[in-house]
Amino acid sequence: MLLEVLNDLRLQYFVLSGIAALLCYVLRQRMRSKWPLWISLGLLAVNTIAIVPWYLPQISSPQNPGGQPCRLLFMNVQNKNRDYARVINWVYHEQPDIAVFSEAISTWNPWSEQLSVLQDEWPFHVRQDDMDIEVYSRWPLAIRHEQFYGDGKDLKIIRGFVVLDVDVNGTPVIAIAT
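What this report covers is the structure whose coordinates are included nearby.

Reading guide: rules and limits
- Residues numbered from 1 in each chain as written.
- Predicted model: local features only at pLDDT ≥ 70, side-chain atom pairs only at ≥ 80, totals over all residues.
- Heavy atoms only, no water.
- Helix = DSSP H or I, 4+ residues; strand = E, 2+ residues; numbered from the N terminus.
- Buried < 20%, exposed > 50% of the residue type's maximum accessible area, 1.4 Å probe, protein only.
- Pairing = 2+ DSSP bridges.
- Axes fitted to C-alpha atoms, helices over the stretch in contact; angles between N-to-C directions.
- Contact = heavy atoms within 4.5 Å.

1. Some thoughts on unusual backbone geometry
Most of the time, phi is negative for any residue but glycine, and the peptide bond is trans.
Here is step 1: Even without being glycine, glutamine 95 reaches a positive phi, approximately 55°.
Here is step 2: The phi angle at glutamate 103 is positive, at roughly 60°, despite the residue not being glycine.
Here is step 3: Looking at the element boundaries, glutamate 103 is found in the loop between strand S2 (98–102) and helix H5 (111–115).
Here is step 4: Of the residues examined, glutamate 103 reaches a relative accessible area of 27% and is grouped as partly exposed.

Below, the structure is given as structure tokens:
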């Protein structure tokens, strides 16, 4: 908690440490010890290191000319939602390469059946029944790992994420669905 608060007001700490360093420098003849000056200069240096990157131009990585953009879509369809056509039309409109749907699977929920029409355009499909996750993709994919949270006492709600291996035109990519 304390470290979080110290990190939030960096600019204000920078200004205050600068004022403190200036005051200690001006009053150095009257002070018996030089430690306050050194401490304030140290604080000013620490805060300067934290502030300077904000004002430097960002160095961007060069564009990969052989790279391919990947459009991802994540949607929590909410098991009470029954607007199937609107969701499916929106997916077709957005044309993602990978579409992840949460709360899409349950014994009483028809979302899984309704989403199956997406397999015409997104032929690769995986699902994780315990977490109610369905994934449709234009590229081959497989579940690498499933991570569950919680103590297992509440079997109605299982939380976690699924790590997927996606083959994007021969390039292995890892995606996480939650």
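2. Some points on the sheet that holds strand S1 (residues 72–76)
Neighbouring strands of a sheet are bound in pairs by backbone hydrogen bonds; such pairs are parallel or else antiparallel.
Here is step 1: Read across the sheet, four strands follow the order S1-S2-S4-S3 without closing on themselves; strand pairing throughout is mixed. The open sheet has two edge strands, S1 and strand S3 (124–128), and neither has a second partner. Between one strand axis and the next, the sheet turns through 10° on average, direction left out of account.
Here is step 2: In this sheet, strand S4 (residues 133–137) lies alongside S3 in antiparallel orientation, the contact comprising five bridges. Its bridge partner being in S4, histidine 125 is matched across the sheet by tyrosine 136.
Here is step 3: Packing against the sheet, helix H4 (residues 84–94) makes contact with S1 and S2, and its axis sits at approximately 165° to S1.

These figures come from the coordinates and say nothing about function on their own.
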